[in-house]
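Topology and contacts: notes
Next come the chains, spelled out residue by residue.
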Amino acid sequence: SSSGSSSRYTSFERSSPEAKEFRTRLVSHARAEFARQHRVFLFQIVLVNRYARFIRWDHSGAVVTELFDYVDNPEVLADFLWRFDHMSDEQRGLDPTVKLASPKEKKQFEAAVEGFLKDMKAGSKNGASVRNLPGAERTLDETKTYPTWKIHVVDSVTRSSTDLIVRRPFSDHSSMWGRDTRAYLAYDLQKDRLV
């Protein structure tokens, strides 16, 4: 833009090191939510002093509202929170095909993964070579920060469906942007085996 017109616009992003670090943290928090939950999108509220913004994240980027003074205009924040409280999980951005696994499903998954990891370390199962998957031991996640999920999957061609039990991916997409492809050891409930 020309120098005359640029003074009409307030810069959205400050370029100070502190501002850049703050934005990095916002992305990091959003990435952590997407990594541990199966989400289509995510809302964040950013509060700084008496000002706020809403951010809606998805895998293509973020939409950010204008800055508003929530002390002078508390109805904006109150209205958002009231509406958010009355939304379904799907409206809040959670993937509707994914639910928390039951305790029984969690035990089935853990037993199958533990058996696979034991066989993988031994190099074979019943005399047959077992595929070595780098990072597979992360699946059981000793830190307990990853829930155990039940994912309902429908084949787009045959229309057949199955339920898979997963926890932490052994390989995932390190960026917020894109398809967010993750590789899991998954327990197929219908076939009663790891896939």
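Not measured: the values here are computed from a predicted model.

The rules behind each value
- Residues numbered from 1 in each chain as written.
- Predicted model: local features only at pLDDT ≥ 70, side-chain atom pairs only at ≥ 80, totals over all residues.
- Heavy atoms only, no water.
- Pairing = 2+ DSSP bridges.
- Helix = DSSP H or I, 4+ residues; strand = E, 2+ residues; numbered from the N terminus.
- Buried < 20%, exposed > 50% of the residue type's maximum accessible area, 1.4 Å probe, protein only.
- Patch = residues over 30% accessible without salt bridge, like charges linked within 9 Å, V, L, I, M, F, W, Y side chains within 5 Å.
- Areas by Shrake-Rupley, 256 points an atom, 1.4 Å probe, with all protein chains shown as cover.
- Salt bridge = Lys/Arg side-chain N within 4 Å of Asp/Glu carboxyl O.

Here the focus is the pairing of strand β8 (residues 149–154). Examined bridge by bridge, strand β5 (residues 98–100) and β8 share three bridges and lie antiparallel to one another. Opposite L100, over in β8, you have W149 as the bridge partner. Of the pairings in the sheet, the one linking β8 to strand β9 (residues 161–166) comprises six bridges and is antiparallel in character. If you follow K150 over to β9, its bridge partner there is I165. Turn length for the β8-β9 hairpin, with the two strands adjacent in sequence and antiparallel, is six residues, and the turn residue R159 shows positive phi of about 65°.

Before going further, it helps to spend a moment on the environment of L81. Structurally, L81 can be placed in helix α3 (residues 74–85). Residue classification places L81 among the partly exposed residues on the basis of a relative accessible area of 41%. With 36 residues separating them in the primary sequence, L81 and I45 have C-alpha atoms 9.8 Å apart.

A cluster of nonpolar residues, I45, L47 and L81, forms a patch on the protein surface that exposes about 240 Å² of accessible area. The class of I45 is partly exposed, set by a relative accessible area of 33%.

Next up on the list: the pattern of salt bridges. Evaluated as defined, the whole model comprises nine salt bridges. Residue E21 pairs with R25 through a salt bridge whose shortest N-O separation is 3.4 Å. You can see E21 and its partner R25 sitting in helix α2 (residues 17–36), four residues apart, about one turn around the helix. Take E21: its relative accessible area is 37%, and that puts it in the partly exposed class. A relative accessible area of 44% means that R25 is categorised as partly exposed. Linking D69 and R50 is a salt bridge whose minimum nitrogen-to-oxygen distance equals 2.8 Å. Here the residue D69 occupies a position in strand β4 (residues 68–69), and R50 occupies one in the loop between β1 (42–48) and β2 (51–58), the gap between them amounting to 19 residues. The buried category is assigned to D69, whose relative accessible area is 11%.

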